[in-house]
Amino acid sequence: MTSKDIRISFLRYFKEKQHVIVPSSPMVVKNDPTLMFTNAGMNQFKDWFLGNAPAQYKRVADTQKCLRVSGKHNDLEEVGHDTYHHTMFEMLGNWSFGNYFKKEAIEWAWEYLTDVLKIDKNRLYATVCEASPEDGVEMDSEAFDIWKQYLPEDRILVGKKKDNFWEMGDTGPCGPCSEIHYDSRSDEERAKVPGRERVNADDPQVIEIWNLVFIQYNRKVSGELEQLAAKHVDTGMGFERLCRIVQGKTSNYDTDVFQPIITKIGELCGKRYGDDTSCDVAMRVVADHLRAISFSIADGQLPSNVKAGYVIRRILRRAVRYGYTFLGFNEPFICRLVPTLTEQMGDAFPELKAQQTLIEKVIREEEQAFLRTLEVGIRLLDSIIEKLKKSGTNEISGKDAFQLYDTFGFPIDLTELIAREKNFAVNNADFEQELEIQKNRSRNAAAKEEGDWTEVRKIEQSVFVGYDTTGSTSYLARYRTVKTKGKEFIQVVLDETPFYAESGGQVGDCGTLRSQENGETIQVLNTIKENNLSIHLVEKLPQQLTAPFTATVDVEKRMATACNHTATHLIHYALRKVLGTHVEQKGSLVHADYLRFDFSHFQKVTDEELEQVERLANRLVRKNTTLTEFRNIPIAEAQQMGAMALFGEKYGETVRVIRFDDSVELCGGTHVPATGNIGVIKIVSESAVGAGVRRIEAVTADKAEEYLYDNIHLLKMVHELFSNSPNLIQAIKKTIEENGEFSKQIQLFMRERIASLKERLKDEIEEINGIQVIRLNTDVQAEAVKELATQMRTGSTNLLFVAGTIHADKPNLVISLSDDLVKKGLNAGAIVREAAKEIGGSGGGQAFLAMAGGKQTDSLVKAINKAVEIATKM
Ligand code: SER
């Protein structure tokens, strides 16, 4: 069976068991502060597990793109070194929401593996969870008994809690799990050591393939477990591992999921997979990371310096580094693997195909930049080694190793590798210490403590009414305390809320909650979204929690934000009209004061194009088209209307569509009733965000008016400065030309003046203590005096030139010395510094020529005399 067949067979099997097949949610998570990337199939159903919203379906199955590179589940460092861990992988899963439980979950898993895929029953093992006295939970004998119907008892293992109690994070839904393991060792090895001894023992040939989680608890902040009202099933099977077993391989990388990529890498570097251990590891790293990076970019996450973008950048750098060190790549190569990946996975994941060019460009640029950094880092490391050699040490300090790691992305093993080649060691312990210090720093900066929710009123779901109204009577459903950076906030959930929660790039609403019982008014500082739950950040907890509250949205901010949101749609529409349909939204920020829109486009948008976009968008504003909103229509219907689904966004079966004439978008934001409300749109900047992505910033309504007035006022002032000349441009040009002409003349004049001064000064030489001294007190510009000082010393001997000049009310001192005096030890810099004190100034320069500026013009003669005195006394 090919991997494509296996994927289809899984979904078909569960469809036949009445499961609804849903699409994979994006790999990059939005609206969940606890997660950067999807790390399990169940993430997209968190709200259903937590009871924040009723489950839409009772049974679901899918294949989910996952990335385990940060947080609780992080496999990054293992990847490549073994043959069965990945950063990005597909997780096949089936779910029951308060429907079937352990019996069916186990029965169907068994049937699918052994009947449908015909996997050898004798090589399968199951684990069940041991007792956990600290949680007050007994061993999972229920699962054990069910397994007895399918497996002999000696192949059912009571597993450790660390492997058999699944938790998504520190808090949240969790429960005991039952894992299915497969033993792919040879008959000979199996006869020697029974498989049960190799389960969960890091044997690369005895691996877990499927995890059946029986979600029945919620872990609270205190660590306590709380029974959930309904019991659920959450299963996850590693697709790549399953392919390996079905295809009879001993490594995931030998399956058709990875082989085309590995072959391509081999072609590009001229090496063969299987010939050399280090090269094999590197090829696996590159093949794995290529998928992680490409899928992230396809889901809208570009490499960057912060958060999720930084994680992606680090994965990419790890791949570049392995390719560079072990496969001999010193030119971008990962980008050249993208077509092979697209061919392999583009059918199941169309986001790859549709964005292939963008993915290639982004990766190429990142690779280029990092290869440059690598070279600089290697040079730095070489110079560190050279310096150490001179001092007789052969150990690189932890501090240096850490700098290479932190600034140049050199993992410690790369530093060690290069060091070893030169017979150097690295102080690992100190490096680890530096790393720990950094980790603590960022941990403290990001530390956020959330308390458990306290329920005030039981609700099924918090309802958003803000599309229709900006005020409502609402009740508090629950609240909790959140501490960030030493500050304490209260978060509340309402049964019904008119406050828009920050999402889809649009900022959250603020406003007030006024108790209808005692009139107490509480400020709502912001509204955010966690998964699909609207959470209000309030200044304090109200005195009467159960009172009805009048919830009022700050309408001015809401309206300003709406103007910017609608304007974003109009600009998006205009960009596609003017630049072409390759333009796709890559990011958006809708603020009350401005909007920011990122989109794919491969070169700078010219001023003319920008003007066309702006004019078109403003024509749509003037048309005053009214908003048409379709609140709940099937996604297919929305697409027929012309709405474009964005990659990296999660859509339900039904969606909301916002239409202003031909601009049709899938959107959850708030908009103006008619485009005329916007008044005017003004684009204020266009710039690059990265390879293939541009950014436009614009203002609307009052802010656009302010922007235009600022510019008009500026222009008016310029007009006035040019005496309201009827042809302003001509007048400015003329002034610039005249200015140039004057400068030239001044220079000429200066040169002549210097020449005549020079002649005159020759007659004014005094001799003091055997030194020829020239003093000058003038009003020529300091720069011209400097030129004169240079000319005076050139070709002279035994000459000290000291000049003071007052120009534009500022005193300056210039001193030059002939070379022979410098050789004798005189220093113009030292002299000028000392003499400048007389004019309340300071300065410096070279030994033969130095300058100083000061404040007191009256004392200039004193300063000149002081300089002469110092120089002639030395
Ligand atoms: N959530 C479980 C896991 O990730 C099963 O899907 O292993």
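Everything that follows concerns the structure shown earlier in this document.
### Some remarks on the site of the ligand
Then, in step 1: Surrounding the ligand, one finds A40, M42, R68, M91, W166, N211, V213, D234, T235 and G236.
Then, in step 2: The separation between an oxygen atom of the ligand and a polar side-chain atom of W166 is 3.3 Å.
Then, in step 3: In isolation the ligand exposes 230 Å². Once the protein is present, 95% of that is buried.
Then, in step 4: At a threshold of 2 Å from the grid points, most atoms of the ligand map onto the second largest pocket.
Then, in step 5: A total of 3 residues in the shell around the ligand trace back to one element, the largest contributor, which is strand β11 (residues 225–238).
Then, in step 6: Classifying every residue of the shell around the ligand by side-chain character gives 5 nonpolar, 3 polar and 2 charged.

### So, empty space enclosed by the protein
Then, in step 1: Per the counting criterion, the structure on display carries 1 cavity of 30 Å³ or more.
Then, in step 2: Considered as a void within the structure, the largest cavity measures approximately 50 Å³ in volume.
Then, in step 3: Along its surface, the largest cavity is lined by S3, K4, R7, E90, F239, V257, R291, Q344 and M345.
Then, in step 4: Elements represented by at least two residues in the lining of the largest cavity include exactly α1 (3–16) and α11 (338–345).
Then, in step 5: Broken down by element, the lining of the largest cavity gets its largest block of residues, 3 residues, from α1.

### Some points on the pattern of salt bridges
Then, in step 1: Taken as a whole, this structure holds 55 salt bridges when the rule is applied.
Then, in step 2: Its salt-bridge partner being D509, residue R558 comes within 2.8 Å of it at the nearest N-O pair. Taken as a pair, R558 in helix α17 (residues 555–579) and D509 in the loop between β20 (496–497) and β21 (511–515) lie far apart in primary sequence, 49 residues in all.
Then, in step 3: With relative accessibility at 9%, the residue R558 sits in the buried group.
Then, in step 4: Residue K837 is joined to E834 by a salt bridge in which the shortest nitrogen-to-oxygen separation is 3.1 Å.
Then, in step 5: The class for K837 is exposed, based on a relative accessible area of 55%.

### Things to note about a negative patch on the surface
Then, in step 1: Residues D554, E556, D702, E705, E706 and D710 make up a contiguous surface patch of negative charge.
Then, in step 2: Take the negative patch: its biggest share by element is 4 residues, from helix α20 (residues 701–721).
Then, in step 3: Among the secondary structure elements, D554 is positioned in the loop between β24 (549–553) and α17.
Then, in step 4: With a relative accessible area of 31%, D554 lands in the partly exposed category.

### Side note on the packing of helix α13 (residues 356–390) against helix α15 (residues 412–421)
Then, in step 1: The contact between α13 and α15 brings their axes to 11 Å, and the two run at 50°. Here α13 lies oblique to α15, going by the angle between them. Seen from above, α13 lies across α15 with right-handed handedness. Between α13 and α15, the residues in contact are L374, I378, L381 and I385 and L414, T415, I418 and A419, respectively.
Then, in step 2: Tallied by class, residues from the contact of α13 with α15 come to 7 nonpolar, 1 polar and no charged.

### Topic: the nonpolar core
Then, in step 1: Formed by 115 residues in total, the largest nonpolar core has its most connected members in Y112, L113, W147 and W210.
Then, in step 2: Ranked by the residues each element gives to this core, the list is headed by helix α9 (residues 277–298), at 13 residues.
Then, in step 3: Look past the residues within four positions of W147 in its chain and what remains in contact with it is I106, W110, A126, V128, I156, S178, I180 and L212.

The rules behind each value
Residues numbered from 1 in each chain as written. Predicted model: local features only at pLDDT ≥ 70, side-chain atom pairs only at ≥ 80, totals over all residues. Heavy atoms only, no water. Near = heavy atom within 4 Å. Polar contact = N/O pair within 3.5 Å; in protein donor to acceptor, adjacent residues only side chain to side chain. Areas by Shrake-Rupley, 256 points an atom, 1.4 Å probe, with all protein chains shown as cover. 1 Å grid on protein atoms, 1.4 Å probe; cavity = no way out; pocket = protein on both sides within 12 Å on 5 of 7 lines; lining within 4 Å. Sits in = over half its atoms within 2 Å of the grid points. Helix = DSSP H or I, 4+ residues; strand = E, 2+ residues; numbered from the N terminus. Nonpolar A, V, L, I, M, F, W, Y, C, P; charged D, E, K, R; others polar. Points joined across faces, edges and corners; volume = space filled by probe spheres on them. Salt bridge = Lys/Arg side-chain N within 4 Å of Asp/Glu carboxyl O. Buried < 20%, exposed > 50% of the residue type's maximum accessible area, 1.4 Å probe, protein only. Patch = residues over 30% accessible without salt bridge, like charges linked within 9 Å, V, L, I, M, F, W, Y side chains within 5 Å. Lys, Arg positive; Asp, Glu negative; His and termini not counted. Charge placed at Lys NZ, Arg CZ, Asp CG, Glu CD. Axes fitted to C-alpha atoms, helices over the stretch in contact; angles between N-to-C directions. Parallel < 35°, antiparallel > 145°, perpendicular 65-115°, else oblique. Left-handed = near helix turned anticlockwise from the far one by under 90°. Contact = heavy atoms within 4.5 Å. Core = buried A, V, L, I, M, F, W, Y, C linked by side-chain atoms within 4.5 Å.

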